[in-house]
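Read off the chains here:
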Amino acid sequence: MARIQTFNKIAAEGIALLEARGHQVGPDVHDPDGILVRSAKLQDITFGPSLRGIARAGAGVNNVPVSRCTEEGVVVFNTPGSNANSVKELVVAGLMLSSRKIIEGCQWVQTLDPAKVDVGKEVEAGKSAFGGPEIAGKRLGVIGLGAIGVMVANAGISLGMEVAGYDPYLSVNSAWGLSRSVLRATSLEALLADCDYISIHVPLNDETRGVINADRLNKTKKGARFLNFSRDALVDDQAMVKALKDGTISTYVTDFPTAALLGNPGVIAIPHLGASTPEAETNSAIMAAQQLADFLEQGNIKHSVNFPECIMDGNGGDRIILANKNVPNMVSRITTILAEAELNISDMLNRHRDDLAYNIIDVDQTISAATVEKLQAIDGVVMARVVPGGAG
Ligand SMILES: NC(=O)c1ccc[n+]([C@@H]2O[C@H](COP(=O)([O-])OP(=O)(O)OC[C@H]3O[C@@H](n4cnc5c(N)ncnc54)[C@H](O)[C@@H]3O)[C@@H](O)[C@H]2O)c1
Ligand SMILES: O=C(O)[C@H](O)COP(=O)(O)O
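Since the structure is predicted, the reported quantities are computational estimates derived from the model, not experimental observations. (Residues numbered from 1 in each chain as written. Chains lettered and ligands numbered in written order. Predicted model: local features only at pLDDT ≥ 70, side-chain atom pairs only at ≥ 80, totals over all residues. Heavy atoms only, no water.)

## Examining the overall build of the chain
Working step 1: Of regular secondary structure, the chain possesses 13 helices and 16 strands.
Working step 2: Seen along its three principal axes, the alpha-carbon backbone of the chain occupies a region of about 90 × 50 × 35 Å.
Working step 3: The 392 residues of the chain split such that 47% are buried.
Working step 4: In the chain, once contacts between residues fewer than 6 apart in sequence are set aside, the share between residues at least 24 apart is 64%.
Working step 5: For the chain, the accessible area works out to roughly 18,600 Å², and carbon and sulfur atoms hold 52% of it.
Working step 6: Considering the chain, the positive charge centre built from 35 side chains and the negative charge centre built from 44 side chains are found 7 Å apart. (Helix = DSSP H or I, 4+ residues; strand = E, 2+ residues; numbered from the N terminus. Buried < 20%, exposed > 50% of the residue type's maximum accessible area, 1.4 Å probe, protein only. Contact = heavy atoms within 4.5 Å. Areas by Shrake-Rupley, 256 points an atom, 1.4 Å probe, with all protein chains shown as cover. Lys, Arg positive; Asp, Glu negative; His and termini not counted. Charge placed at Lys NZ, Arg CZ, Asp CG, Glu CD.)

Okay, here's the thing in structure tokens:
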């Protein structure tokens with residue numbers, strides 16, 4: 001049994017999956033082996049020595065101190081694509097809201113006093129103040145063509161838009177899913193200069209922080225509508241407010257409101273609702289719970305953002321999982337210690353990702369605590385554990 005601490009309300013299906021597998025789950029669990037989280041910030045949390053994995057039920061991991069986790073041998077998971085449809089649907093709504101003055105119009109209708117005016121007559125007389133263009137035939141630029149960006153780009157095509165995409169790291173999987181009608185923008189600047197509607201779908205990291213800055217906004221097509229359903233810090237708020245004031249951007253739709261944006265005309269601020277559908281919450285919770293349980297029970301790693309993918313069927317005997325710096329001679333040092341302990345390796349898988357290697361090693365005999373200690377003491381070993389319950 002593992003102890004799993006939750007840091008947000010996680011959909012019941014995910015909790016049930018873990019409990020059905022015999023794990024203790026909840027917000028008050030102490031000394032956790034695993035953490036299950038949505039958007040709660042974990043940067044200021046000190047992790048105890050028992051922690052082995054963190055599963056983010058969702059896509060963005062900027063709330064998790066991933067580098068620190070890697071150094072401490074903690075595997076971080078996310079759930080790619082689990083909430084993409086939910087976000088895509090809200091982006092489609094955002095396109096409409098950015099184009100037609102639906103929110104202002106609805107707010108105005110609520111101000112009409114039926115005791116004083118004929119509401120139907122007043123609506124017909126006043127509606128011309130709330131018109132706006134159709135999106136069909138206009139050009140949509142999608143920055144980042146991952147799980148969400150591909151769906152948004154394809155939805156744009158279905159809605160009769162011309163769509164251009166920009167993603168220097170486009171995966172083969174995304175390329176397969178992308179409509180052939182989507183044009184390739186040669187650069188971010190070219191996309192910004194050419195598009196009437198722009199939607200950004202990239203992770204927040206050191207490369208993308210502030211990617212939409214004053215310089216790029218100055219080069220953006222006059223009157224463009226900008227949608228941000230990714231993260232607040234991708235966009236320089238002050239520069240966006242200025243662009244809204246001078247008409248460079250006509251509407252900024254964001255799922256990540258900040259103090260600097262509130263009260264500015266042209267801002268449509270949504271309270272981070274992109275993934276708030278029962279379908280997305282259930283999908284994400286189940287995927288996160290499954291991945292965390294598979295890792296804690298068997299050492300298998302799927303959809304980690306800091307460890308390599310590594311999955312091996314067990315043989316029913318003891319299993320060691322071990323992470324080490326990806327430098328020469330590590331495997332021989334590990335296997336030497338196992339040989340000295342007279343352990344026969346029945347199966348072994350070694351994978352690496354950047355500077356980190358991860359090993360799953362099944363042996364025919366029982367592994368002693370002393371052997372694990374020797375493995376942990378090898379210079380360059382970040383983490384070594386016997387998976388409780390063996391590799392069956
Ligand atoms: N509003 C919400 O509730 C909500 C929900 C899910 C995800 N998100 C945000 O959306 C982001 C994207 O989610 P996803 O599921 O599509 O992730 P994803 O990993 O499937 O796709 C991200 C894409 O961005 C691309 N990319 C990375 N750096 C880039 C750059 N500098 N320029 C252009 N493209 C770049 C990658 O190649 C990848 O194709 C998440 O990281 C998260 O921050 C928000
Ligand atoms: O990155 C994500 O998956 C989204 O921002 C969703 O966040 P949430 O799980 O807090 O709704």
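## Quick notes on the pattern of salt bridges
Oppositely charged side chains can pair when the atoms bearing their charge come close.
Working step 1: Enumeration according to the criterion identifies 14 salt bridges in this entry.
Working step 2: Residue Asp-33 is joined to Arg-3 by a salt bridge in which the shortest nitrogen-to-oxygen separation is 3.9 Å. Remark: Arg-3 occurs in strand β1 (residues 3-6) and Asp-33 occurs in the loop between β2 (24-26) and β3 (34-37); sequence separation between them is 30 residues.
Working step 3: The exposure class assigned to Arg-3 is partly exposed, which follows from its relative accessible area of 27%.
Working step 4: The salt bridge involving Arg-38 is made with Glu-281; its shortest N-O contact spans 3.1 Å. Taken together, the residues Arg-38 in the loop between β3 and β4 (53-56) and Glu-281 in helix α11 (residues 278-298) connect sequence positions 243 residues apart.
Working step 5: One network of salt bridges, with partners in common, ties together Arg-3, Asp-33 and Arg-52. (Salt bridge = Lys/Arg side-chain N within 4 Å of Asp/Glu carboxyl O.)

## Description of the site of ligand 2
Working step 1: Within the structure, ligand 2 sits among Arg-38, Ser-39, Arg-56, Ala-57, Gly-58, Ala-59, Gly-60, Asn-83, Arg-231, His-272 and Ala-275.
Working step 2: The separation between an oxygen atom of ligand 2 and a polar side-chain atom of Arg-56 is 3.0 Å.
Working step 3: Protein coverage of the free-state accessible area of ligand 2, which is 310 Å², stands at 88%.
Working step 4: In the shell around ligand 2, the residues fall into three nonpolar, five polar and three charged. (Near = heavy atom within 4 Å. Polar contact = N/O pair within 3.5 Å; in protein donor to acceptor, adjacent residues only side chain to side chain. Nonpolar A, V, L, I, M, F, W, Y, C, P; charged D, E, K, R; others polar.)

## A few points about the environment of Glu-309
Working step 1: As for its position among the elements, Glu-309 is in the loop between α11 and β13 (318-325).
Working step 2: Distance from Glu-309 to Met-96, taken between C-alpha atoms, is 40 Å for residues 213 residues apart in sequence.
Working step 3: Aside from chain neighbours lying at most four places away, what touches Glu-309 is Ile-301, Lys-302, His-303 and Arg-351.

## Describing the side chain of Asn-300
Working step 1: Residue placement: Asn-300 occurs in the loop between α11 and β13.
Working step 2: Within the local environment of Asn-300, its side chain forms a polar contact with the backbone nitrogen of Met-312, the two atoms lying 2.9 Å apart.
Working step 3: Apart from the residues lying within four places of it in its own chain, the contact partners of Asn-300 are Asp-294, Phe-295, Cys-310, Ile-311, Met-312, Arg-319 and Ile-360.

## Remarks on the confidence of the model for the chain
Working step 1: Across the chain, pLDDT averages 97, with 99% of residues at or above 70.
Working step 2: The ipTM for the predicted assembly is 0.99, set against a pTM of 0.97. (pLDDT = per-residue confidence, 0-100.)

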